[in-house]
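Each chain, letter by letter, is given below.
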Amino acid sequence: MSGRSKDNLLRLLLGCLVILCVLALYLAQAFEGVERKTFDLRFKLRGPKPPAVPQVFLVGLDEETTRHFSVRPREFPRSLVAKAVKNLAAAGASVIALDFLYSQSSENPQEHEAMAEAMRAAGNVVLASFMSNDRYVPPLPAFQALEAGEGTINLTMDRDGIVRSLPVLSAIPAEEGVQYILNFDVETARLRLFGNEMEVFDPNTPGRIRINSATIVAPENELWVNYYGPPGTFQIFPLSKAV
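Rules used throughout
- Residues numbered from 1 in each chain as written.
- Predicted model: local features only at pLDDT ≥ 70, side-chain atom pairs only at ≥ 80, totals over all residues.
- Heavy atoms only, no water.
- Axes fitted to C-alpha atoms, helices over the stretch in contact; angles between N-to-C directions.
- Helix = DSSP H or I, 4+ residues; strand = E, 2+ residues; numbered from the N terminus.
- Parallel < 35°, antiparallel > 145°, perpendicular 65-115°, else oblique.
- Left-handed = near helix turned anticlockwise from the far one by under 90°.
- Contact = heavy atoms within 4.5 Å.
- Nonpolar A, V, L, I, M, F, W, Y, C, P; charged D, E, K, R; others polar.
- Buried < 20%, exposed > 50% of the residue type's maximum accessible area, 1.4 Å probe, protein only.
- Pairing = 2+ DSSP bridges.
- Patch = residues over 30% accessible without salt bridge, like charges linked within 9 Å, V, L, I, M, F, W, Y side chains within 5 Å.
- Areas by Shrake-Rupley, 256 points an atom, 1.4 Å probe, with all protein chains shown as cover.
- Salt bridge = Lys/Arg side-chain N within 4 Å of Asp/Glu carboxyl O.

Caption draft 1: Quick look at the packing of helix H4 (residues 78-90) against helix H5 (residues 109-122). Contact pair H4 / H5: the axes reach a minimum separation of 8 Å and the direction vectors enclose 15 degrees. As the angle between them shows, H4 and H5 are arranged roughly parallel. Like other packed secondary-structure pairs, H4 and H5 cross with a definite hand, here left-handed. Contacts between H4 and H5 pair Arg78, Ser79, Val81, Ala82, Val85, Lys86 and Ala89 from the former with Glu111, Ala114, Met115, Glu117, Ala118 and Ala122 from the latter. Looking at side-chain class alone, the contact of H4 with H5 contains eight nonpolar, one polar and four charged residues.

Caption draft 2: Structural detail: unusual backbone geometry. Phi is positive for Ser70, close to 55 degrees, though the residue is something other than glycine. Along the chain, the position of Ser70 falls in the loop between helix H3 (63-69) and H4. Accessibility expressed as a relative area gives 67% for Ser70, which makes it exposed. Phi at Glu220 is positive, roughly 55 degrees, even though this residue is not glycine. Judged by its relative accessible area of 78%, Glu220 is exposed.

Caption draft 3: Examining the environment of Pro48 more closely. Counting through the fold element by element, Pro48 comes out in the loop between helix H2 (32-46) and strand S1 (58-60). When its relative accessible area of 66% is taken as the criterion, Pro48 is described as exposed. Residues Pro48 and Gly229, spaced 181 residues apart in sequence, show a C-alpha to C-alpha distance of 4.3 Å. Once residues within four sequence positions are removed from consideration, Pro48 is found in contact with Tyr228, Gly229 and Pro230.

Caption draft 4: Looking closely at the sheet that holds strand S13 (residues 222-224). As summarised here, the arrangement of the three strands in space is S6-S7-S13, forming an open sheet in which the pairing is antiparallel. Two strands lie at the open edges of the sheet, namely strand S6 (156-157) and S13, each paired on one side alone. Two elements, S6 and strand S7 (residues 163-167), share two bridges in a ladder whose sense is antiparallel. Paired with Thr156 across the bridge in S7 is Ser165.

Caption draft 5: Here's a closer look at the environment of Pro206. Structurally, Pro206 can be placed in the loop between strand S10 (201-202) and strand S11 (208-211). Judged by its relative accessible area of 76%, Pro206 falls in the exposed class.

Caption draft 6: Quick look at a nonpolar patch on the surface. A cluster of nonpolar residues, Val53, Val56, Leu58 and Ile236, forms a patch on the protein surface that exposes about 320 Å² of accessible area. Topologically, Leu58 is positioned in strand S1.

Caption draft 7: Quick look at the pairing of strand S12 (residues 214-217). Pairing of S11 with S12, which is carried by four bridges, proceeds in the antiparallel orientation. Bridged to Ile211 within S12 is Ala214.

Caption draft 8: Structural context of the pattern of salt bridges. What the rule picks out here adds up to six salt bridges. Glu117 is paired through a salt bridge with Lys86; the nearest N and O atoms lie 3.3 Å apart. With Glu117 in helix H5 and Lys86 in helix H4, the pair connects residues that are 31 residues apart, well separated along the chain. Judged by its relative accessible area of 38%, Lys86 is partly exposed. Arg164 is paired through a salt bridge with Asp158; the nearest N and O atoms lie 2.7 Å apart. Shared partners join several salt bridges into a network, and the residues in it are Asp40, Asp158, Asp160 and Arg164.

That's the geometry; what it means functionally is another story.
Right, here's the structure in full:
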């Protein structure tokens with residue numbers, strides 16, 4: 001074998017070795033951290049931008065609210081949330097999404113009835129559910145019967161404690177196979193865009209989820225968060241001002 005042939009063979013072997021090494025690192029998800037860090041860098045280079053939908057209002061159970069009513073967040077009365085729902089509906093809110101997990105009954109039946117009455121009157125309330133170790137934790141059946149939509153509030157935290165993506169779908173056991181539930185944010189957007197009409201729902205196309213005329217690109221059921229800016233980009237109104 002000539003010297004040139006030996007050099008070509010060596011280059012070929014080295015090239016194959018490099019490809020195998022890169023493939024092994026990829027399968028071991030060694031590049032995942034780098035990809036997510038470049039995700040942060042892209043946002044820094046782009047800078048903050050105004051919200052694309054200025055009609056979105058965030059109402060928060062913040063310190064001002066808990067101090068105003070002298071109550072802890074976990075003990076916040078459902079009757080006060082019900083008042084906020086009624087007031088927001090009266091103000092013209094097209095969708096009211098409650099990021100509270102109402103999976104357990106209230107010790108006070110009047111609290112339960114107040115929430116049910118407010119949901120029934122508004123007719124546009126999205127409730128939260130949760131997936132815990134593949135176990136579906138839904139809202140109370142009485143509330144579930146009145147909800148306009150429901151979405152899971154599961155978050156996917158990276159190793160550095162930052163949320164960069166959300167699972168679009170969660171699969172729960174049903175009488176006939178599997179039922180799919182959208183992420184809480186996606187379900188809220190769906191209800192705002194299409195109302196209660198679900199003409200097309202195709203979760204089985206790899207990397208894509210079709211909802212009516214919208215297509216969500218979500219490889220491996222992962223939707224990357226498009227952060228518009230730092231905390232405070234969206235104004236948060238105290239819940240106490242909506243009651």
